[in-house]
Amino acid sequence: MSQPSIFTQHTIKRNRNLIKNKNILQSTFIPNQLPHREREINMIAEIVAPALEKDKPSNILVTGRPGTGKTAVLNFIGREIKKVDPNEENCCFVYINCEIVDAPTSMLYNMSNQVIKEHERKIPFTGWSFDKVYETLLSYMEESHKTYLVVLDEIDMALQKKGDDIFYYLTNMNETLSKSRVSVIGITNNTKFIEFLSTKIKSRLGEEKIIFTPYTPDQIKDILRERAAVAFEDGILEESVIPFCAAVAANDSGDARRALDLLRIAADIAERNGDSKVTEAHARSARDRIELDAVLEVIKTLPAQSKTVLMAIVKGSDHGSITLTTGEVFTSYKDLCGFLDLPVLTQRRVADLISELDMLGMIHARVKSFGRNGRTKEIELSISGEVVCVLSSDDLFKPLSGFKKKQMTLM
Ligand SMILES: Nc1ncnc2c1ncn2[C@@H]1O[C@H](COP(=O)(O)OP(=O)(O)O)[C@@H](O)[C@H]1O
Ligand SMILES: [Mg+2]
């Protein structure tokens, strides 16, 4: 008899009707209303308004922690500009995310693509030098006789990698342009960023500075309620879900993105379970999943020696004793280095790596004193079995596949 299909075996009971529109809960979605950002919107609108009369607004630097609505507000402004000047007769709004596009030539190319509308005048994607792209774009801009508002989101990314180049080139365009103007709005999550700029760039970019403060738990609740009202049918969301998501996100420095992620993942878990409501239990699972992902990300990016020290603690804990001393970890570490063909660091250096792992929350270490006999650390693993599994399957530990099997059976 033939096997039934996996679709009949695991009855996929996904309840597809919980979320009306998934996009609304994505962090890239720009809602029509941005509660608690009216003041910032008005401030920016006032500064950029002259662009609608072909004048040059001041450059602006927008700073604030992640998830405080900077990107959403600037895109909202762009949309409002398009409403009053749909054909870009006076003002052309350009948005570039420097985290994605970071080389100066790619940035100018990206900008040209948004600015040059005529297909036959588009700049080819490859093959042109920076100077040629720059000159072509500049003469197109001059001819078009308007104000260009260029938003450089995550501007610290561009400046870190390529000096002050792109910002410098863009603002310098004004020296050549006579009929058109360019204003730059830089956005950064890094509030200290401006301190690292040269004095000249600092004064140019920071002509106007706007700081976005973290949202309070109540503000995050309002933001979530507004989104939830359009994303879910009535009665789908249990009352306590939004306060829970808001409280978690507020603990996490008032980050609205984090709150929305929680809500979206909670709804996703409810759908997968085939449940008819999104409950606080779903939101708690969502929080656990996000935390797990964050730990896994840290594990993935650890240097090989730190991974090995962590693995030494995992192995050491396997042999019955739950807490280990620095010396025991070091012995286990040396064994592993032998298997993996890695250079052995000094015990002092390994002790430093142990402290780092402690700070990352991967392990828990307490100093224990033996009076005159000195002191040692008592080290305990604080990662879950799931995380240990991911660590063990790291490419670095492939040569251990022999004892990896043993490891898996222990979990
Ligand atoms: N005031 C607000 N009202 C509605 N949604 C908001 C508000 N502030 C932020 N968001 C949403 O939170 C998420 C993160 O905001 P974002 O603008 O990307 O933050 P930032 O750029 O400051 O890191 C986005 O999905 C955004 O739409
Ligand atoms: Mg942003």
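Residues numbered from 1 in each chain as written. Chains lettered and ligands numbered in written order. Predicted model: local features only at pLDDT ≥ 70, side-chain atom pairs only at ≥ 80, totals over all residues. Heavy atoms only, no water.

K.L.:
Help me understand the site of ligand 1 in this model?
P.N.:
Close to ligand 1 lie 21 residues; Pro35, Gly67, Lys70, Tyr215 and Arg227 are nearest. Between ligand 1 and Phe29, the relevant distance is 3.3 Å, taken from an oxygen atom to a main-chain nitrogen or oxygen of the residue. A distance of 2.5 Å is found between an oxygen atom of ligand 1 and a side-chain nitrogen or oxygen belonging to Arg227. Within the complex, 97% of the 550 Å² of free accessible area of ligand 1 lies under protein. Of the pockets mapped on this structure, ligand 1 occupies the largest pocket. Breaking the shell around ligand 1 down by element, the ones donating at least two residues are helix H3 (70-84), helix H9 (217-231) and helix H11 (256-273). Among the residues forming the shell around ligand 1, the class breakdown is 10 nonpolar, 6 polar and 5 charged. In terms of domain composition, the shell around ligand 1 takes at least three residues from each of domain 1 (37-212) and domain 2 (216-299). (Near = heavy atom within 4 Å. Polar contact = N/O pair within 3.5 Å; in protein donor to acceptor, adjacent residues only side chain to side chain. Areas by Shrake-Rupley, 256 points an atom, 1.4 Å probe, with all protein chains shown as cover. 1 Å grid on protein atoms, 1.4 Å probe; cavity = no way out; pocket = protein on both sides within 12 Å on 5 of 7 lines; lining within 4 Å. Sits in = over half its atoms within 2 Å of the grid points. Helix = DSSP H or I, 4+ residues; strand = E, 2+ residues; numbered from the N terminus. Nonpolar A, V, L, I, M, F, W, Y, C, P; charged D, E, K, R; others polar. Domains from an automatic or database assignment.)

K.L.:
Please clarify how helix H2 (residues 38-48) should be interpreted in this entry.
P.N.:
Structural remark: α-helix, 3.6 residues per turn; residues separated by three or four positions point the same way. Within the sequence span of H2, burial applies to Glu40, Ile41, Ile44, Ile47 and Val48. Along the axis of H2, the buried residues cluster in a sector spanning 135°; they form a single face. Along H2, exposed side chains directed more than 90 degrees from the buried face belong to Arg39 and Glu46. (Buried < 20%, exposed > 50% of the residue type's maximum accessible area, 1.4 Å probe, protein only. Arc of directions from axis to C-beta.)

K.L.:
Would you explain the side chain of Asp156 in this entry?
P.N.:
Checked against the element boundaries, Asp156 lands in helix H6 (residues 155-162). Within the structure, Asp156 has its side chain in polar contact with the side chain of Thr188 (distance 3.1 Å). Once residues within four sequence positions are removed from consideration, Asp156 is found in contact with Ile187, Thr188, Asn189, Asn190 and Phe193. (Contact = heavy atoms within 4.5 Å.)

K.L.:
Before we go on, may I ask you to explain the layout of surface pockets in this structure?
P.N.:
Over the atoms, a rolling probe the size of a water molecule traces out where space has been left empty. Estimated volume of the largest pocket: approximately 620 Å³. What lines the largest pocket is a set of 32 residues, among which Ser27, Phe29, Gly69, Ala72 and Arg227 lie closest to the centre. Elements that contribute at least two residues to the lining of the largest pocket include exactly H3, strand S4 (181-188), H9 and H11. Here the lining of the largest pocket is composed, by residue class, of 14 nonpolar, 11 polar and 7 charged. Two domains share the lining of the largest pocket, each providing at least three of its residues, namely domain 1 (37-212) and domain 2 (216-299). (Points joined across faces, edges and corners; volume = space filled by probe spheres on them.)

K.L.:
Teacher, can you tell me more about the confidence of the model for the protein here?
P.N.:
Interpreting fine coordinate detail is not advised for predicted regions of low pLDDT. Averaged over every residue, the pLDDT of the protein is 88; the share at 70 or more is 91%. Contacts for the low-pLDDT stretch residues 404-411, under 50 throughout, to residues beyond four places or in other chains number 13 contacts. (pLDDT = per-residue confidence, 0-100.)

K.L.:
Where do I start with the packing of helix H10 (residues 241-251) against helix H12 (residues 280-301) in this structure?
P.N.:
The packing of two helices is summarised by the inter-axis angle and the distance between the axes. Contact pair H10 / H12: the axes reach a minimum separation of 9 Å and the direction vectors enclose 25°. Relative to H12, H10 is oriented roughly parallel. As H10 packs across H12, the resulting crossing turns out to be right-handed. Listed contacts from H12 to Val241, Phe244, Cys245 and Val248 of H10 are Glu280, Ala283, Arg284 and Arg287. (Axes fitted to C-alpha atoms, helices over the stretch in contact; angles between N-to-C directions. Parallel < 35°, antiparallel > 145°, perpendicular 65-115°, else oblique. Left-handed = near helix turned anticlockwise from the far one by under 90°.)

K.L.:
Looking at this structure, I do not really get the sheet that holds strand S6 (residues 324-325). What am I missing?
P.N.:
Hydrogen bonds between backbone atoms are what pair the strands of a sheet, whose relative direction is either parallel or antiparallel. If you walk across this open sheet you meet the 3 strands as S6-S8-S7, and the pairing is antiparallel. Each of the sheet's edge strands pairs with one partner strand only, and the pair in question is S6 and strand S7 (363-369). Across 2 bridges, the pairing between S6 and strand S8 (residues 375-381) is antiparallel. The residue bridging Thr325 from the neighbouring strand is Glu378, located in S8. In the packing of helix H15 (residues 347-359) onto the sheet, contacts are made with S7 and S8, and the angle to S7 comes to roughly 125°. (Pairing = 2+ DSSP bridges.)

K.L.:
Just checking my understanding: could you explain the sheet that holds strand S5 (residues 208-212) for this structure?
P.N.:
Read across the sheet, 5 strands follow the order S2-S3-S4-S1-S5 without closing on themselves; strand pairing throughout is parallel. Because the sheet does not close on itself, it has two edges, and the strands there are strand S2 (91-97) and S5. Pairwise comparison of adjacent strand axes, ignoring direction, gives a mean angle of 15° for this sheet. Two strands pair when backbone bridges link them, and strand S3 (residues 147-153) and S4 are joined in this way by 6 bridges, in the parallel orientation.

K.L.:
Looking at this structure, I do not really get the domain arrangement of the protein. What am I missing?
P.N.:
Interfaces are frequently sized by the accessible area removed from exposure as the parts join. As assigned here, the protein comprises domain 1 (37-212), domain 2 (216-299) and domain 3 (302-410). Between the C-alpha centres of domain 1 and domain 2 the distance comes to 33 Å. If you look at the interface, domain 1 gives 4 residues, while domain 2 gives 5 residues. Across the domain 1/domain 2 interface, buried area totals approximately 330 Å², and carbon plus sulfur atoms make up 38% of it. In terms of surface lost to domain 2, no three residues of domain 1 exceed Arg65, Pro66 and Gly67, which account for 87% of the buried area on that side. On inspection of domain 1 and its partner domain 2, the count reaches 0 salt bridges. Where domain 1 meets domain 2, there are 1 residue pair in polar contact (both at pLDDT 80 or more). The residue inventory of the side of domain 1 that touches domain 2, partitioned by class, reads 1 nonpolar, 2 polar and 1 charged. (Buried area = accessible area lost by both parts, 1.4 Å probe. Salt bridge = Lys/Arg side-chain N within 4 Å of Asp/Glu carboxyl O.)

K.L.:
Hey, could you run me through the pattern of salt bridges in this one?
P.N.:
Oppositely charged side chains can pair when the atoms bearing their charge come close. Evaluated as defined, the whole model comprises 19 salt bridges. The partner of Arg287 in a salt bridge is Asp288, and the shortest N-O contact between them spans 3.6 Å. Classification of Arg287 as partly exposed rests on a relative accessible area of 23%. Residue Asp288 is classed as partly exposed on the basis of its relative accessible area of 41%.

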